[in-house]
Each structure stands twice: as C-alpha cells, then as structure tokens.
Amino acid sequence: MSAWFPIMVSRFRDTGITFFDGYAGPGEYTNARDSSPVIAMEQALRNDVTRYGTQTRLVFVEVDRERAAHLESLLDDQFPPRTRPPDLVMRVHCDKCIDCFEQVITDVGGWDGPVFANLDGWGADVDYEIVQRIAQQRSSEVLVTFKDQFFIRFAKGEHQAGERVFKRHSGWRRVDQLPTADKKPFLLDLYRGGLRSAGFAYVLTFEMIDEGGHSLHLFFGTTNKAGVEKFKDGLWEVDGVSGQRFRDPRDPNQLSFDILHPDFTPLESRILELLGGRDHNLEELREDALLETIYKKAHVKPVVDRLIEQRKVELVSTGRSYAERVLRLADQQLFC
C-alpha cells in the first residue's frame, strides 16, 4: 500500500482510485497491531498521496453487523471525518461481499478508475465472480488469500465453496483422486490459472507459515509488470513479523525462511535449471526470477556472480547491458 497509493494517485488524477476490502473485519484484533482497513487509511492520508488532489475511495465490506459497526466507529475515531481531505471517500457496508461488491463500488464511482481489491476471505470464501470483475477494470489488482487444506478436506462433500472460488466446471474436486503430495500443487496451479483466465496477466503466489506450521497462500494478480515489481519490493521490505516465514509454494524442496535472512539456494537451482536447457542473457534470468519465483530481479546478479566464481556458470559474451551478458552452463569438469 505504501507504494500503490502514491503511484496510482499520480497516474489517475482524472478518474480517481479505489481501495476495496471485501472481508474487512472489525478493524482491530487481539493478536495484531493493525488491520488492513487501518493500514489503507493511513496510507491514503499520507501527504505524498493527498497532495495530488486525486479522488481516493476506500470501501470496506463486512458481513457481521457488530464487526462492521465496530470498524466504522474505530475508523472515525482514528481518522475523524473533519480531518479527511474533501477528495477522500470512505464507506463501510454491512453485507456479504458477493452480494454487494458491484453496487458499493458503483456508488462511490469506483468503476471509473483502477481498483485494488484486498480479498482476505479466510482463505476459502472469495467468489470467482469478484476477481473476474476486478480483472476487467483497467490497471486493477487483487490480493487473495487461499487455504488449500479447506478444499482438500471438502472435495468429497456437499460443500460448494470450490464451485464459487474456482472457475465453473474447473474440475477442482479431482484433487480427491490425487496422491497426497500432488494435492496442494494441483489446487495452486488451478487457482493461478483461474486468475490468469480472469484477465490478470501476471500472478504471484507465496506461502506464509506461522510459528505453529500452519500455512496460508497469498495470490497477487495484476495486468501490469510494474505492479509485480512493486509488490515484490513490498514483500522483501517487510520489517519482520514474529513467527512468520515465507516460501515459494512451487518449489516443493524449498525450506521456509525468514524474509530478513533469505535462502538463495532455490534461486541458484532455478538458474542452473534454465541454463541447462539453453543459454540465457542476464536480463532473461532477471525476468524469470521476477515472474516465476518469490525472488526479486536484484537478487539474480549476486547469485549469478557466485555461480561464476564457483565455475558452475560462465559468460559467453559481455556488455554494458544485462541483455548483452549471455551465460551458459559450465563444462561438467568445472564442477569438480
């Protein structure tokens, strides 16, 4: 959010921007300092955001009446309406997200410009119709929580959550017929493909693990590659959350790591795998890291330099630009 608000208000002064929180909650918790509504309001009211005079809309939806009332009261106490700039609109709605999202965004003029939708539906409640509609909106993005164990558990039952969360006729219940080790990758790939089919050209996935070993997946969908870079910057600049670890769910051999003390071994393996197929220039390896792994572009060159020093990789050609620096896998005898 610290990156999204200032960038978007500077680019979309004519249409305005909208932050939509579809499962907002009460605004505060016993085990967390801040909630997403509070964080969004803090970022929207920063001087480097408000100085543009762009209409900024924040819409929070919460199905529980008491929680919705608590959220609205808390936001009014922390951010009194009289202190908000005239171009900031804040609304709290008590309703089910799927039943009201189209209308509540319409009511504030949100469909005139880009929408960032935070869809933290406890990992199993985000209807596909919502992400599909957001994807149709120019320059819009979604952040969706996803809990694979929920769908594995109910694949045999009458629970209809899978039909709502995945594309219709996606065949998600096939997960019940797969070996245990294949269940999670199947569901993650299926949902990633669903977000791309919805219209998000770029989809990032990463897994958060709490101190008890429980995991929750986050999917970030955007139509803009710059959005991917900013999201990665936000992930890697996190200042540390007690008990939280991260990992790339597409690498089954990767151990989870504290983002402040990362393990670059999976990135080394990925680069060696790519170079095993053909030569690649450094910019291609940077793009692959950005779009296909949990790592940033900036992580690639130090890893490549280390592989060159270890004589596992060698330069075919050099140049001033990353695109001119072509690399290949070193001869096998150099691995000794």
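Residues numbered from 1 in each chain as written. Predicted model: local features only at pLDDT ≥ 70, side-chain atom pairs only at ≥ 80, totals over all residues. Heavy atoms only, no water.

(A) How the structure looks around the nonpolar core. Formed by 50 residues in total, the largest nonpolar core has its most connected members in Leu58, Phe60, Leu75 and Ile271. Residue contributions to this core peak at five residues, all from helix H12 (residues 282–292). When sequence neighbours within four positions are dropped, the list of residues in contact with Phe60 reads Phe19, Asp21, Ala24, Pro37, Met41, Leu71, Leu75, Met90, Arg91, Val92 and His93. The next biggest cluster of nonpolar side chains, apart from the first, holds 43 residues, and it includes Val104, Ile134, Phe151 and Ala198. (Core = buried A, V, L, I, M, F, W, Y, C linked by side-chain atoms within 4.5 Å. Buried < 20%, exposed > 50% of the residue type's maximum accessible area, 1.4 Å probe, protein only. Helix = DSSP H or I, 4+ residues; strand = E, 2+ residues; numbered from the N terminus. Contact = heavy atoms within 4.5 Å.)

(B) Highlighting the pairing of strand E4 (residues 115–119). Of all five residues in E4, five are buried, a share of seventy percent or more. Of the two faces of E4, the one carrying Val115, Ala117 and Leu119 and the one carrying Phe116 and Asn118 are both buried. When E4 meets strand E5 (residues 141–146), the two strands line up parallel, connected through four bridges. Note that in E5 the partner of Ala117 across the bridge is Val142. (Pairing = 2+ DSSP bridges.)

(C) Region of interest: unusual backbone geometry. The phi dihedral of Ser139 is positive, around 60°, even though this residue is not glycine. Here Ser139 lies in the loop between helix H6 (128–135) and E5. A relative accessible area of 16% means that Ser139 is categorised as buried. Phi is positive for Arg311, which is not a glycine, with a value near 65°. Considering the arrangement of structural elements, one finds Arg311 in the loop between helix H13 (300–309) and strand E10 (313–317).

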